[in-house]
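Notes for the structure review
Given next are the chains, with one letter for each unit.
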Amino acid sequence: MIIASGIAAASYETLKVDVTNEVLTLTINRPKALNALSRQVISDLRDAVSQLRNSLGKKTPDGTVDWSIRGLIITGAGDKSFVAGGDITEMSAMTADEVRQYAGQAQELTSWLEELPVPVIAAVNGFALGGGSEMALACDMIFAAEDAWFGQPEVALGLIPGFGGTVRLQKVVGPQLAADLIYSGRRINAEEAKTIGLASRVYESDSELLAGTHKYFESVRAQSPIAVATAKRTVREVAHLSISEGLKAELDAFTTCFTTDDMREGTSAFVEKRKPTFTGK
């Protein structure tokens, strides 16, 4: 089954699902709880993202490759919050073993987002605190509305970030600024988040945020899906390497592109001055 039709028909307790122009939007739908990451939210997100992992870029029974989803948007319902953090009410009653499982599943989910072969954008409206900031950090890019607020306030609860914040935040903003934010628990607004490189774009309103995110994906959809997937994988891989090791990894990935049908189609279309028709193979 093509993943777009399957996931569009899915029904989740805590998620709203929409597929428009080959872009999947997963809206965390707990506005009364400021979209906090309960165990059910994590379970629903894991199910949806695992479907993408198991299908996108894979051959279908008729021999084609499933690129029916070209991008993923994660956002929050309501006008107050993207994700206000983990569900503190649930967490306060957990044992150490239970919280290890809860946080472990959340960490695995963030790794799955990084590994998807399509771009993932966090469309941040309102609060992105604690686990919400960590969920956004696992996405390829963060687009924010002007009313967005980011922070890692866990120390005020006697905790530290547990969904990847100590790892990913310093990779984005640097060790000193990450330490500043984590140790103090202070919040920063959307403009400061953009200034320090945490958010890549800021929009005036929630509606402009979603429209702008879809507009971005129009440019992605015009490209070779397998080239975008290779670029995403390579960018992620070389981030952890030295320059010399990174150049080798890039060369390997660049050379692999020359074995694809899309490379032949793209270069032929350029020479022939026509629009390419990519198949994702």
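The paragraphs below set out a description of the structure included in this document. On a predicted model such as this, the values are computed, not experimentally measured, just so you know.

1. Here we look at a negative patch on the surface
Taken together, the side chains of D79, E146, D147, E191, E204 and E208 present a region of like negative charge at the surface. With respect to the helices and strands, D147 occurs in the loop between β7 (141-145) and β8 (149-151).

2. Observations regarding the environment of W149
Secondary-structure assignment places W149 in strand β8. For W149, a relative accessible area of 35% gives the class partly exposed. Linking W149 and K194, residues 45 residues apart in sequence, is a C-alpha distance of 11 Å. Once residues within four sequence positions are removed from consideration, W149 is found in contact with G126, F127, A128, L129, R187, I188 and N189.

3. Some details on the packing of helix α6 (residues 165-173) against helix α7 (residues 175-184)
Close contact between α6 and α7 brings their axes to 7 Å; oriented N to C, the two are set at 130°. The angle between α6 and α7 falls in the class oblique. Our pair here, α6 against α7, has a crossing hand that is right-handed. The residues of α7 that touch α6, namely those facing G165, T166, L169, Q170 and V173, are P175, L177, A178, L181 and I182.

4. Quick notes on the packing of helix α10 (residues 225-238) against helix α11 (residues 243-257)
At a minimum axis separation of 9 Å, α10 and α11 run at an interaxial angle of 170°. Taken together, the axes of α10 and α11 lie roughly antiparallel to each other. At the point where α10 passes α11, the crossing takes the right-handed sense. Taken together, the residues of α11 that come into contact with α10 (itself represented by T230, T234, E237 and V238) are G246, A249, E250, A253 and C257. Here the contact of α10 with α11 is composed, by residue class, of 4 nonpolar, 3 polar and 2 charged.

5. Focus on the packing of aromatic side chains
For any pair of aromatic rings, the description consists of the separation of the ring centres together with the inter-plane angle of the planes. A full pass over the atoms with the stated rule returns 5 aromatic pairs. A centroid spacing of 5.7 Å and a plane angle of 85° characterise the contact between F143 and Y216, whose relative ring orientation is edge-to-face. With a gap of 73 residues between them, F143 in strand β7 and Y216 in helix α9 (residues 206-221) connect regions that are remote in the sequence. There is no split in this pair, since F143 and Y216 are both buried. Aromatic side chains Y216 and F217 sit 5.8 Å apart centroid to centroid with 70° between the ring planes, which places their arrangement in the edge-to-face category. Taken together, the ring pairs in this structure connect F143, Y203, Y216 and F217 into an aromatic cluster.

Reading the values: the criteria
Residues numbered from 1 in each chain as written. Predicted model: local features only at pLDDT ≥ 70, side-chain atom pairs only at ≥ 80, totals over all residues. Heavy atoms only, no water. Patch = residues over 30% accessible without salt bridge, like charges linked within 9 Å, V, L, I, M, F, W, Y side chains within 5 Å. Areas by Shrake-Rupley, 256 points an atom, 1.4 Å probe, with all protein chains shown as cover. Salt bridge = Lys/Arg side-chain N within 4 Å of Asp/Glu carboxyl O. Lys, Arg positive; Asp, Glu negative; His and termini not counted. Charge placed at Lys NZ, Arg CZ, Asp CG, Glu CD. Helix = DSSP H or I, 4+ residues; strand = E, 2+ residues; numbered from the N terminus. Buried < 20%, exposed > 50% of the residue type's maximum accessible area, 1.4 Å probe, protein only. Contact = heavy atoms within 4.5 Å. Axes fitted to C-alpha atoms, helices over the stretch in contact; angles between N-to-C directions. Parallel < 35°, antiparallel > 145°, perpendicular 65-115°, else oblique. Left-handed = near helix turned anticlockwise from the far one by under 90°. Nonpolar A, V, L, I, M, F, W, Y, C, P; charged D, E, K, R; others polar. Phe/Tyr/Trp six-rings, centres within 6.5 Å; stacked < 30°, edge-to-face > 60°.

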